[in-house]
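Structure assessment
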Amino acid sequence: MEIKVLGTGCKKCKEVDKLVREVLSEINVTANVEKVEDIAQIVQYGVMLTPGLVINGKVKVSGRVPNKADIKKLIEEEK
């Protein structure tokens, strides 16, 4: 599973990265988590508001910090 956290390094972007890693640990799922901070790469996903969350190439969240339950559901949908 490929997970990308899109954001320029702001507090909310770091929070999404932290939450994703916590959820993966809690549900015992292995994934390659990458933080994408390059604006050009973020725009290629069509994300105009950060933070963004991309799972297996699909944009799942844009412009908000999802809670742990949301992240867990999104990850489980892609397993």
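Structure first, text after, so check above.
Residues numbered from 1 in each chain as written. Predicted model: local features only at pLDDT ≥ 70, side-chain atom pairs only at ≥ 80, totals over all residues. Heavy atoms only, no water.

1. Some points on the pattern of salt bridges
How we decide: Put simply, a salt bridge is a Lys or Arg side-chain nitrogen that is within 4 Å of an Asp or Glu carboxyl oxygen. Counting from the N terminus, the helices are DSSP H or I runs at least four residues long and the strands are E runs at least two residues long. Categorising residues by exposure relies on relative accessible area from a 1.4 Å probe, with only protein chains included: less than 20% of the type maximum marks a residue as buried, more than 50% marks it as exposed, and the intermediate range marks it as partly exposed.
Across all of its chains, the model carries ten salt bridges by this definition. Note that K68 and E22 form a salt bridge whose closest N and O atoms lie 3.0 Å from each other. One end of the pair, K68, is in helix 3 (residues 68-78); the other, E22, is in helix 1 (residues 11-27), with 46 residues separating them in the sequence. You can call E22 partly exposed: its relative accessible area is 27%. In this structure, the salt-bridge partner of K68 is E26, at a minimum N-O distance of 2.6 Å. Taken together, the residues K68 in helix 3 and E26 in helix 1 connect sequence positions 42 residues apart. Residue K68 is classed as partly exposed on the basis of its relative accessible area, which comes to 31%. Because the salt bridges share partners, they merge into one network encompassing E15, K18, E22, E26 and K68.

2. Considerations on the environment of A31
What counts here: Residue contacts are defined here by distance: any two heavy atoms, one from each residue, within 4.5 Å place the two residues in contact.
Structurally, A31 can be placed in the loop between helix 1 and strand 2 (32-36). Sequence separation of A31 and I55 is 24 residues, and the distance between their C-alpha atoms is 9.7 Å. When residues no more than four places from it in sequence are discounted, the contact partners of A31 are M1, I3 and L24.

3. Focus: the pairing of strand 1 (residues 2-6)
Stated formally: Here the rule is simple: two strands pair whenever DSSP picks up at least two bridges between them.
With four of five residues buried, strand 1 lies mostly within the body of the structure. Both strand 1 and strand 2 contribute to a ladder of five bridges, which runs parallel. Residue pairing for strand 2: V5 is matched across the bridge by K35. Two elements, strand 1 and strand 3 (residues 52-55), share four bridges in a ladder whose sense is antiparallel.

Nothing here speaks to function; it is all geometry.
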